[in-house]
Amino acid sequence: MERSATQAEAFNAQAINQAEPETVVVHVQLRPRRGATRKCLAALATLAAEHDEVSFAVTGLSKDDRVVRVTVGVDLGPRTAVAKFSPQAQAAYAFVSAIFTSLYDHMPVYTAEPSGAERAAAAVLIEQAAGGAIAADVLEGLPVVPASPVPAPRMPGPGERIPA
């Protein structure tokens, strides 16, 4: 994860600097059960070692009572190069494909950009991992976000009722 930590700084600096060509970032969220978080991060680090040419960073981190949500931002490269399917974009697509095939136990899904709180938690994870702390310690400090409740079914309006 050290490689990710240094790339995260470059990744964030690149996103802030608008003078650079606009880059495309794909966010993939891994959702390991709380007991499997260490295994998930180790598998992600192994996968990153196999795809050392790809620029990515852990961009979000949150948890609820059942799972931990680890959001990974993968830099596809400049928008114009992605459209031409550049070597950088091909390598990034191969990395994302490998996430879905090799980390399928951790329920990967495409997701939107993480919130500010998730980004801050990811920054703490990367900072403490660089200092030798384990992920479980960082996760214990995160607030538990309640799972979104399932909404009640909508009642039909007067014109929508079908007589029995």
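Just above sits the structure.
The text that follows walks through the structure, step by step, so that each part is easy to find. Here the structure is a predicted model, which means the values were calculated and not measured.

Things to note about the packing of aromatic side chains
Part 1 of the argument: Per the counting criterion, the structure on display carries three aromatic pairs.
Part 2 of the argument: Centroid distance F85 to Y93: 5.5 Å. Interplanar angle 25 degrees. Geometry classified as stacked.
Part 3 of the argument: With relative accessibility at 44%, the residue F85 sits in the partly exposed group.

A few points about the environment of R31
Part 1 of the argument: Note on placement: R31 falls in the loop between β1 (23-30) and α2 (37-50).
Part 2 of the argument: When its relative accessible area of 25% is taken as the criterion, R31 is described as partly exposed.
Part 3 of the argument: In this structure the C-alpha to C-alpha distance between R31 and L61, which are 30 residues apart in sequence, comes to 10.0 Å.
Part 4 of the argument: Discounting residues that sit within four places of it in the chain, R31 has contacts with V67, V68, R69, H106, M107 and V109.
Part 5 of the argument: At a separation of 3.3 Å, a polar atom in the side chain of R31 contacts the main-chain carbonyl oxygen of M107.

What counts and what doesn't
Residues numbered from 1 in each chain as written. Predicted model: local features only at pLDDT ≥ 70, side-chain atom pairs only at ≥ 80, totals over all residues. Heavy atoms only, no water. Phe/Tyr/Trp six-rings, centres within 6.5 Å; stacked < 30°, edge-to-face > 60°. Buried < 20%, exposed > 50% of the residue type's maximum accessible area, 1.4 Å probe, protein only. Helix = DSSP H or I, 4+ residues; strand = E, 2+ residues; numbered from the N terminus. Contact = heavy atoms within 4.5 Å. Polar contact = N/O pair within 3.5 Å; in protein donor to acceptor, adjacent residues only side chain to side chain.

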